[in-house]
Amino acid sequence: MTGIGVEAGAQAARSRALAVLRIRSRALAVALLPAAVAVVLLAGGSTGHLVGGVWDAARLVMSVLGVIVLLAAGVIALVVARARPAVSPTVAIAEEAAPDLYRMVRDLADRLDVPAPSAIALTPDCDSWLEDRTHPAHGPPPQEGRDDEIAGAGGSHRRVPAAPVLVIGSPFLWWMRVGELRAVLAPVVAGTGPSAHPDIAAARRFVRGLDAAVAVGSTPGRCPLTRVLCAGVASVARLMLRGCREHAALMERGVAAAAAERAQAVDYGLRIVAQEQVGLAYAGWDRLLTRVALPAWRMGRWPSRLDAGVVAALTELSRRDRLAEGFASRLGERPACDLLEEPGTIDEAASLLAARLFHGGPAETGPDWAPVDWQEYPEEVVDRKWRLDAARLHRVLDAQGVTHTPGTTAPDSHVPTLARVLTHLSASRHTVPEPPSTPQTGPALDASPPAATPSNAPAAADGETAPQGSQPAPDDESVTGGAGRHTAVEGEAETLAAALTAELAREEAGASHPRSTPEATPWDDTALPLFPLQPPRTARELLTDHVTAMVCCAAIDTAGATPGLDWLDGPSLLINGERAADLIPRVLSLVEDGDPAPLRAWLVKSGIRPEKPVRLV
């Protein structure tokens, strides 16, 4: 550790903190100026020096102005001091729940010669930081059942400590080893040293108060007069915040530089390796949320072991990607989650918080918001999702008056089949069939189905035809062609996609999750989700998902396929134990081009019978 570098960073941070405090002093001087002038004028009048009508009028004006400005300044100061600063959504980790973790952090603080953090909390994100929670609004002990607030280290009822709270990304605890976590946390914990300086702490409190005062002006549900007063306070706070923004940013940069320099002596070599794990954990966490967790959240189920899923996802990544080779060998070392007494309980709490932040789910479990284990995910989420999507697709087709598959018998004319979807999307207008590129040579599907091909098998050619069992549509057997036909297919697909979008919007509006009141958490949860994972799906993407779901349902019901979970790609179809990775391009060919030939060829090779009914929910 180079003491010169630490001192230089701390000195730069202190100088910027003083610049922030000078802005506060100037604002106070401006507020006191009219009152000071009024005092001078009143003193001059009482001593007989400033007499006359003009001075009397000046005394009256300045006295009234001084009182008004002092009252306004008092209101602004009160709002800045009492406004509740923003708090990051976290899961509390009491010392009784993680004594080894607290011991490791305290030992790390002793090695760095800095104050230990007052408490530890977890956040469902791949990041770690120190958070100041010394505001009086965060001081009272948490109420019963409030798991989002940080409890004290010993759980005692005490005043808020001066040291900040250490917030750790929950994926780090499950993926990283104990030594790697200590190396990653070293620069973060070292930040408690500069944070303890009085000038830096005062500057941070002032900036956080201004930020909270700005937020007060946008709080809804107030009467017009209060709204006007809050808007005025917010305008003044915004003006001061704009003046000290650059100084505050440079102050935090100096604090970070001093902390990083101080942490150089702690596990420097291991920190280089640990930083690689940070990037890998971030990639696995993002993939797990968007591909695996999001489909479950949309169905009212939340995976209760997201952090454990990160380990499985990154292990799968190391198996597939040569760049990640060697990372899985670390799994033999002690994981950082062993520092927790009950890692499963903490993982469940972090998983529920992730669902709230990234999807906007309820704060508690219920009939429409239940946890799901990874073992149950294929049946409870994947299979149910596909059948719900398939049922919605057929409801929309019924509402549009689309007839069922031609040529079926009367008892089977109203059962949902994949052939109905294929016919509707590919036979939107009749054209003169062209000779097929290859003659029909395969047997009818009434015979034994062919063996499934591996997921890396070559795709069928666009012009390839295949027999489909009972009476296929004439233009499903020919090569697609012609601009007029493509336009008609586009129209059918767009109409169906728009209808699916409207139907899904109605369902989501009818099943909206109830929000908790702002008093239920130390952070404002009235605008959940705070961090949406993905933009809303387009109409064409919705149509593709629903057609894919219909194909998967047909594969399960007619070819013995099974729903599966791929840790990197989410819900997957397993045919003879192999993942059907080549399905999506063929569905896109049908949806976007109206060409069913690639998909029909894939169905034949996989032994799937589109004319057979499927089970819906």
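Criteria and cut-off values
- Residues numbered from 1 in each chain as written.
- Predicted model: local features only at pLDDT ≥ 70, side-chain atom pairs only at ≥ 80, totals over all residues.
- Heavy atoms only, no water.
- Patch = residues over 30% accessible without salt bridge, like charges linked within 9 Å, V, L, I, M, F, W, Y side chains within 5 Å.
- Areas by Shrake-Rupley, 256 points an atom, 1.4 Å probe, with all protein chains shown as cover.
- Salt bridge = Lys/Arg side-chain N within 4 Å of Asp/Glu carboxyl O.
- Helix = DSSP H or I, 4+ residues; strand = E, 2+ residues; numbered from the N terminus.
- Buried < 20%, exposed > 50% of the residue type's maximum accessible area, 1.4 Å probe, protein only.
- Pairing = 2+ DSSP bridges.
- Axes fitted to C-alpha atoms, helices over the stretch in contact; angles between N-to-C directions.
- Left-handed = near helix turned anticlockwise from the far one by under 90°.
- Contact = heavy atoms within 4.5 Å.
- Nonpolar A, V, L, I, M, F, W, Y, C, P; charged D, E, K, R; others polar.
- Expected span 1.5 Å × (residues − 1).
- Arc of directions from axis to C-beta.
- Phe/Tyr/Trp six-rings, centres within 6.5 Å; stacked < 30°, edge-to-face > 60°.

### Description of a nonpolar patch on the surface
Next, step 1: A surface patch of nonpolar side chains, amounting to about 260 Å² of accessible area, comprises Leu28, Leu32 and Leu70.
Next, step 2: Structurally, the position occupied by Leu70 is in helix H2 (residues 53-82).
Next, step 3: Judged by relative accessible area, Leu70 falls into the partly exposed class, the value being 37%.

### Let's talk about the sheet that holds strand S2 (residues 119-123)
Next, step 1: Read across the open sheet, the four strands follow the order S1-S2-S4-S3; overall the sheet is mixed. One side of each edge strand has no neighbouring strand; the edge strands of this open sheet are strand S1 (91-93) and strand S3 (129-131). Averaged over all adjacent pairs, the angle separating strand axes in this sheet is 35°, with direction ignored.
Next, step 2: Sheet analysis places S3 next to strand S4 (residues 165-169), joined by three bridges and oriented antiparallel. For Trp129, the partnering residue across the bridge sits in S4 and is Val167.

### Here we look at the packing of helix H9 (residues 268-298) against helix H10 (residues 306-320)
Next, step 1: H10 packs onto H9 with a crossing angle of 115° between their chain directions and a minimal axis gap of 9 Å. By crossing handedness, the relation of H9 to H10 is classed as right-handed. Together, Leu280, Ala281, Gly284, Trp285, Leu288, Leu289, Ala293 and Trp297 of H9 and Leu306, Asp307, Gly309, Val310, Leu314 and Leu317 of H10 make up the contact between the two elements.
Next, step 2: Its residues assigned to classes, the contact of H9 with H10 comprises eleven nonpolar, two polar and one charged.

### Considerations on helix H3 (residues 99-112)
Next, step 1: Relative to the 20 Å expected for 14 residues at 1.5 Å per residue, H3 spans 20 Å between its end C-alpha atoms, a close match to the ideal helical length.
Next, step 2: The complete set of buried residues in H3 reads Leu101, Tyr102, Met104, Val105, Leu108, Ala109 and Leu112. Take H3 and look down its axis: the buried residues cluster within an arc of 160°, on one side only.
Next, step 3: Residues of H3 that are buried in the fold lie against S1, S2, S4, helix H5 (178-189) and helix H8 (224-262).

### Remarks on the packing of aromatic side chains
Next, step 1: The full count for this structure, using the stated rule, is two aromatic pairs.
Next, step 2: Centroid distance Trp374 to Tyr377: 5.9 Å. Interplanar angle 45°. Geometry classified as tilted.
Next, step 3: When its relative accessible area of 14% is taken as the criterion, Trp374 is described as buried.
Next, step 4: Where Trp374 meets Trp567, the ring centres are 4.9 Å apart and the plane angle is 75°; that geometry is what we call edge-to-face.

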